[in-house]
Amino acid sequence: MDRVVSWGPTVPRWAAVVVVGALLAMAWGVVYAAGGTKTATPHLFYIPILLAVVLFGIRGASVVAVVAAVLAGSFLPIDTGTGEQQALVGMLVRGSSFLSVGVLASLFLVRGQRLDGELAARDVQDLLSGPPAPAVTIDTALIPLVADILSRRAFHPVFQPIYSLHNGRLVAVEALTRFDVEPYRPPDVWFAAAELAGLGADLEIAAIEAAIEATTDLPGDVSLSLNASPATLADPRLHELLLARDGRDFTLELTEHAVIEDYDLLEVPLAALRGAGVMIAVDDAGAGFASLQHIVQLSPDVIKLDISLTQNMGLSAVRRALGRALVEFVHHTGAMLVVEGIEDEADLRAWSELDADAVQGYLVGRPGSLPAEPASPIITALLDMQSDAIPATAGLPVQRSWPEQPVSASPPR
């Protein structure tokens, strides 16, 4: 119905008149052939009346309702076999019904469009303002514990898979750090404490090293994605770690919350990393203005959309329109688009239809130990359904394929 409503205003006026007129004539012919108004066939006149609501609005629907009342009244007998005519009261009642349906349908359509406009405006406001990025909790009691955690390596990596939306295969795994100490705190809290202790880069390097050591059996065509702060990107120890693993594809990821005061200082280390085949990713794109700066200044190879933009796609035309624009923008920059936070099949289907490159989320794989499934059953089933729905003679869109050095998506944080 939504497609019909959106299609209505685009129809040329003369074509709309011809279509409605033809439907009125067809309805009259069917009623007459069926034996007259003694049958239920006069209800067919509601079809052109409702179509007129979409094409012409309340005025046009009212005119069509009056025409239908005349055709179903004066120009139709009760029984075409005997020629018995209708009573005036019956004609008036039927005509009133036609007019009432046309007017009510028009009012409901206008009200629905108004509500859609209000919802769209609300969605735009929500997307533009967005929830403020949650501040990382600072627990000063953890600061004295950081050195001991580092010396004992009291943490371990887990890995969340990232699957291609073009063929369903595993293209990357994101390394995430879990701490094996009490009291339990989220990883971000421990990294924040390490930063305050002056050991932020040391903890990041150690977490990255642990992730690399745990992926010695990772297939060569699957990329390992690792988080790194701006300070760590320029750390020689990181470069040594990555360059020592010849043949392994890496992605280094900066999040929206990583503050970069001077992008020029990253130019040399980023060039060295890229020269070694390391991909650069921007995480949480859309969560705030910093991610837009990262995209403009760093020209990343991978852009990961924040969960605030990727979910509830089926509930909002604004979100779908923004998603389509983001996919087009990312592809025009030559980057790959990874969609985070996929937890619902409707969102997975929506992003697949929008031609995003890859997805990550609980629906396709939770963080855990390796090995990960080499292909996602749910994505494979979705792609099979989509291919079955496309006629064999239809021209298929050209799909983007993952680069020979696969792109990944996010790292240990």
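Parameters at a glance
Residues numbered from 1 in each chain as written. Predicted model: local features only at pLDDT ≥ 70, side-chain atom pairs only at ≥ 80, totals over all residues. Heavy atoms only, no water. Phe/Tyr/Trp six-rings, centres within 6.5 Å; stacked < 30°, edge-to-face > 60°. Helix = DSSP H or I, 4+ residues; strand = E, 2+ residues; numbered from the N terminus. Buried < 20%, exposed > 50% of the residue type's maximum accessible area, 1.4 Å probe, protein only. Lys NZ or Arg CZ within 6 Å of the ring centre and 35° of its normal. Expected span 1.5 Å × (residues − 1). Axes fitted to C-alpha atoms, helices over the stretch in contact; angles between N-to-C directions. Parallel < 35°, antiparallel > 145°, perpendicular 65-115°, else oblique. Contact = heavy atoms within 4.5 Å. Nonpolar A, V, L, I, M, F, W, Y, C, P; charged D, E, K, R; others polar. Core = buried A, V, L, I, M, F, W, Y, C linked by side-chain atoms within 4.5 Å. Arc of directions from axis to C-beta. Salt bridge = Lys/Arg side-chain N within 4 Å of Asp/Glu carboxyl O. Pairing = 2+ DSSP bridges. Left-handed = near helix turned anticlockwise from the far one by under 90°.

S.K.: Please provide a residue-by-residue account of the packing of aromatic side chains, values included.
M.R.: Evaluated as defined, the whole model comprises 6 aromatic pairs. Plain terms: the ring middles of Phe179 and Phe191 are 5.8 Å apart, the flat faces sit at 75 degrees to each other, and that makes the pair edge-to-face. One end of the pair, Phe179, is in strand β2 (residues 170-179); the other, Phe191, is in helix α6 (residues 187-196), with 12 residues separating them in the sequence. Like Phe179, the residue Phe191 is buried in the burial classification. The structure contains a cluster of three or more aromatic residues connected by ring pairs, namely Phe155, Phe179, Trp190 and Phe191. One residue, Arg366, lies across the ring of Tyr362, its end atom 4.1 Å from the ring centre.

S.K.: Tell me about the environment of Ile208, and name the residues and values.
M.R.: With respect to the helices, strands and loops of the structure, Ile208 is situated in helix α7 (residues 200-213). Sequence-wise, Ile208 and Ser225 are 17 residues apart; in three dimensions their C-alpha atoms are separated by 9.5 Å.

S.K.: I'd like to hear about helix α13 (residues 317-332), residue by residue, with values.
M.R.: The end-to-end C-alpha separation of α13 is 23 Å, in line with the 22 Å expected for 16 residues at 1.5 Å each. Restricting attention to buried positions, one finds in α13 the residues Val318, Arg319, Gly323, Leu326, Val327, Val330 and His331. Of the residues flanking the end of α13, it is Gly334, one or two places downstream, whose phi is positive at about 85 degrees.

S.K.: Please give an account of the packing of α7 against helix α9 (residues 236-243) that cites residues and values.
M.R.: The geometry of α7 relative to α9 is characterised by a closest axis approach of 10 Å and an angle of 5 degrees between their N-to-C directions. Between α7 and α9, the interaxial angle falls into the category roughly parallel. Two secondary-structure elements touch here, α7 through Ala201, Asp202, Ile205, Ile208, Glu209 and Ile212 and α9 through Arg237, Leu238, Leu241 and Leu242. Taken together, the residues that form the contact of α7 with α9 break down as 7 nonpolar, no polar and 3 charged.

S.K.: Tell me about the nonpolar core, and please be specific about residues and values.
M.R.: Core analysis: the largest hydrophobic core is formed by 54 residues, its most contacted members being Leu224, Leu226, Leu233, Leu242, Leu252 and Trp351. No other element matches α7, which puts 4 residues into this core. If you look at the next biggest cluster of nonpolar residues, it comprises 21 residues, including Ala16, Ala61, Val64 and Phe98.

S.K.: Describe unusual backbone geometry, listing the residues and the values that go with them.
M.R.: With omega at 5 degrees, the peptide bond leading from Leu370 into Pro371 counts as cis. Counting through the fold element by element, Pro371 comes out in the loop between β8 (358-359) and α15 (377-389). With a phi close to 60 degrees, Asn312 is a non-glycine residue in the positive phi region. Topologically, Asn312 is positioned in the loop between α12 (307-310) and α13. The class for Asn312 is partly exposed, based on a relative accessible area of 41%. The phi torsion at Asp355 lies on the positive side, around 75 degrees, for a residue other than glycine. Take Asp355: it is sitting in the loop between α14 (345-353) and β8. Classification of Asp355 by relative accessible area gives partly exposed; the value is 23%.

S.K.: Account for helix α10 (residues 267-275), naming residues and giving values.
M.R.: Pro269, Leu270 and Leu273 are the residues of α10 that are buried. Summarising the axial view, the buried residues of α10 lie within an arc of 100 degrees, below the 170-degree limit, and thus occupy one face. Among the exposed residues of α10, those pointing more than 90 degrees away from its buried face are Glu267, Val268, Ala271 and Gly275. Positive phi shows up at Gly277, right after α10, with a value of about 90 degrees.

S.K.: I'd like a description of the pattern of salt bridges, backed by residues and values.
M.R.: Pairing is possible between side chains that carry opposite charge, provided their charged atoms lie close to one another. As enumerated under the stated definition, the model contains 10 salt bridges in all. Between Asp148 and Arg152 there is a salt bridge, with the nearest N and O atoms lying 2.8 Å from each other. On the criterion of helical spacing, the pair formed by Asp148 and Arg152 is a turn pair, its members being 4 residues apart in helix α5 (residues 146-152). Asp202 is the partner of Arg237 in a salt bridge, and the nearest nitrogen-oxygen pair spans 3.0 Å. With Arg237 in helix α9 and Asp202 in helix α7, this residue pair connects regions lying 35 residues apart in the sequence.

S.K.: Can you explain the pairing of strand β3 (residues 223-227)? Please cite residues and give values.
M.R.: Of all 5 residues that make up β3, 5 are buried, and the element is covered over most of its length. Going residue by residue along β3, you find Ser223, Ser225 and Asn227 tucked away on one face and Leu224 and Leu226 tucked away on the opposite face as well. Bridge count between β2 and β3: 3 bridges; the pairing is parallel. Along β3, the bridge assignment pairs Glu174 with Ser225. Inspection of the sheet shows β3 paired to strand β4 (residues 250-254) by 4 bridges, in the parallel sense. Counterpart to Leu224 in the pairing with β4 is Phe250.

S.K.: Give me the packing of helix α2 (residues 13-34) against helix α3 (residues 46-71): which residues, what numbers.
M.R.: Two numbers describe how α2 lies on α3: the axes approach to 11 Å, and their chain directions differ by 40 degrees. Once α2 is placed against α3, the crossing between them reads as right-handed. Facing Arg13, Ala16, Val17, Val19, Val20, Leu23, Leu24 and Trp28 of α2, the residues of α3 in contact are Ile47, Pro48, Leu51, Leu55, Phe56, Val64, Val67, Ala68 and Leu71. Its residues assigned to classes, the contact of α2 with α3 shows 16 nonpolar, no polar and 1 charged.

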